[in-house]
Amino acid sequence: MRLAQGEAKVVDLVGCVGLAQSTVSAHLSCLRDCGLVDSRPQGRASLYFLARPELLDLLASAEQLLAATGEAVELCPNYGTQAAVPASKSEESAR
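One structure accompanies this document, and this report is about it.

### Topic: the overall build of the chain
Across its full length, the chain holds four helices and two strands. Starting at the N terminus, the α and β elements of the chain follow one another as α-α-β-β-α-α. Across the 95 residues in the chain, those meeting the buried criterion constitute 13%. Total accessible area on the chain is roughly 7,200 Å²; 57% of this is exposed by carbon and sulfur atoms.

Put into structure tokens, the structure is as follows:
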């Protein structure tokens, strides 16, 4: 997670995660409401940062877990990338 490296603007986070600015802002708002991130103004923008140092340990553990199981999750028929792709109409009619 980019915020584990230090403060970041929304535009910086958008570049890291590849989501729309509105989506990133909505997630940051939720995380701020939960007390996990906080922000401080910098000019017309805000700099976001992790509000709880314990999150660094949690994020490191999550990265280790994903490194160990990420391929299995990717290949999972229920939750992997292919599971998210809807069947085409030609595939459906062939059934």
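### A word on the pairing of strand β1 (residues 37–42)
Looking at chain direction, β1 and strand β2 (residues 45–50) are connected through six bridges and run antiparallel. Bridge pairing links Arg40 to Leu47 in β2. Connecting β1 to the antiparallel partner β2 that follows it, the hairpin turn spans two residues, and Gly43 within it adopts a positive phi of roughly 65°.

### Points about the nonpolar core
In terms of nonpolar packing, the biggest core is built from ten residues, these being Leu3, Ala8, Val10, Leu13, Val24, Leu28, Val37, Tyr48, Leu50 and Leu55. Counting residues per element, the ones that place at least two in this core are α1 (10–17), α2 (21–33) and β2. In this structure, Ala8 is in contact with Arg2, Leu3, Leu13, Ser46, Leu47 and Tyr48, ignoring residues within four places of it in sequence.

The rules we used
Residues numbered from 1 in each chain as written. Predicted model: local features only at pLDDT ≥ 70, side-chain atom pairs only at ≥ 80, totals over all residues. Heavy atoms only, no water. Helix = DSSP H or I, 4+ residues; strand = E, 2+ residues; numbered from the N terminus. Buried < 20%, exposed > 50% of the residue type's maximum accessible area, 1.4 Å probe, protein only. Areas by Shrake-Rupley, 256 points an atom, 1.4 Å probe, with all protein chains shown as cover. Pairing = 2+ DSSP bridges. Core = buried A, V, L, I, M, F, W, Y, C linked by side-chain atoms within 4.5 Å. Contact = heavy atoms within 4.5 Å.

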